[in-house]
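If you want the building blocks of each chain, they are given just below.
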Amino acid sequence: MRLLVVEDETDLLESLAQALREDGYAVDTADNGDDGLFKAKTWEYDAIILDWMLPKLNGIELLRRLRRERKTPVLLLTARDAVSDRVTGLDQGADDFLVKPFNLGELLARVRALIRRSAGNASNIMEFGGIEINLASKTVKDEGQLVELTAREYAMLELLALHAGKLVSRTMIYNHIFDEQDDTLSNLVDVHISHLRKKLGKDLIETRRGQGYILHV
């Protein structure tokens, strides 16, 4: 899953990006509202973590403009803790709200919930035959046995699972799995799909040549 973090505090931006990457996400960053809005409108993100107080364009105005074109889930970060501020943020299009300072574990849980809800899933557990995917712990079991996946393999499987039964194009995979720091994509999708089939069974994921992949329900 690919996230955008828009935050002008350099230390917080870097620590958030690092923590999210360690949790398996592809992460793009912006340190001002103008750059954040440009990236948010240019690429497809699974969720955006957006600070309220930003230079050039504040988070609320960024959110207003973004909502004219995109429905990307947004978690709004702010030092404001008044009820009226939360109401303003939610009314302007934020999907969730987190007051600074916050616990990293809570932020990660809220991001997972945003992505899960946007895909129409109420539960963190997804099952496909004997395959169980736990979106919270980011683990996969086959007939009850834990399957070791790399972070990229898991990310690709999660993306396919959240769109189970639907065609997921190679372009969509590139847009949601790899961030702006990746510059050697080449045949990585094919490699990861091949590894997933070896670990979880060749019939789980169907290839539509020239189109993409489908994870069968």
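Note: the structure precedes this text.
Residues numbered from 1 in each chain as written. Predicted model: local features only at pLDDT ≥ 70, side-chain atom pairs only at ≥ 80, totals over all residues. Heavy atoms only, no water.

Asks: Can you tell me about the overall build of the protein chain, naming the residues and giving the values?
Replies: Counting secondary structure elements, the protein chain contains eight helices and twelve strands. Oriented by its inertia axes, the alpha-carbon framework of the protein chain measures out at about 50 × 35 × 30 Å. For the protein chain, the proportion of its 217 residues judged to be buried stands at 47%. Summarising the internal contacts of the protein chain: among those between residues at least 6 apart in sequence, 59% fall at separations of at least 24. Entry remark: accessible area of the protein chain is about 10,600 Å², with carbon and sulfur atoms responsible for 46%. Charge centroids of the protein chain, computed over 29 positive and 36 negative side chains, lie 5 Å from each other. (Helix = DSSP H or I, 4+ residues; strand = E, 2+ residues; numbered from the N terminus. Buried < 20%, exposed > 50% of the residue type's maximum accessible area, 1.4 Å probe, protein only. Contact = heavy atoms within 4.5 Å. Areas by Shrake-Rupley, 256 points an atom, 1.4 Å probe, with all protein chains shown as cover. Lys, Arg positive; Asp, Glu negative; His and termini not counted. Charge placed at Lys NZ, Arg CZ, Asp CG, Glu CD.)

Asks: Quick rundown of the packing of aromatic side chains? Include the residues and the values.
Replies: Under the criterion given, the structure shown has one aromatic pair. Ring centres 6.2 Å apart and planes at 90° place the aromatic pair Phe38 and Trp43 in the edge-to-face group. Among the residues examined, Phe38 registers a relative accessible area of 53% and is labelled exposed. (Phe/Tyr/Trp six-rings, centres within 6.5 Å; stacked < 30°, edge-to-face > 60°.)

Asks: How would you sum up unusual backbone geometry? Please name residues and give values.
Replies: Following Lys100, the chain continues to Pro101 via a peptide bond in cis, the omega torsion being -10°. Although it is not a glycine, Lys138 adopts a positive phi angle of roughly 55°. Along the chain, the position of Lys138 falls in the loop between strand 7 (131–134) and strand 8 (139–142). Given the relative accessible area of 19%, Lys138 is considered buried. In the Ramachandran plot, Glu143 falls in the positive-phi region, its phi being about 55° despite a non-glycine side chain. Mapped onto the elements of the fold, Glu143 is located in the loop between strand 8 and strand 9 (145–147).

Asks: Break down the sheet that holds strand 10 (residues 168–169) for me, citing the residues and quoting the values.
Replies: Strand pairing within a sheet occurs via backbone hydrogen bonds; the two strands may be parallel or antiparallel. Within the open sheet, the three strands sit side by side as 10-12-11. Their pairing is antiparallel. The open sheet terminates on both sides in strands that have one partner only, identified here as strand 10 and strand 11 (205–208). The strands that helix 6 (residues 151–162) touches are strand 10, strand 11 and strand 12 (212–215); relative to strand 12, the one it contacts most, it runs at about 70°. Each of strand 11 and strand 12 is contacted by helix 8 (residues 188–200), which is oriented at about 145° to strand 11, the strand it contacts most. (Pairing = 2+ DSSP bridges. Axes fitted to C-alpha atoms, helices over the stretch in contact; angles between N-to-C directions.)

Asks: Got a sec to walk through helix 7 (residues 170–177)? Specific residues and values, please.
Replies: Among the residues of helix 7, Ile173, Tyr174, His176 and Ile177 are the ones counted as buried. On its buried face, helix 7 sits against strand 1 (2–6), strand 2 (26–30), helix 6, strand 10, helix 8 and strand 12.

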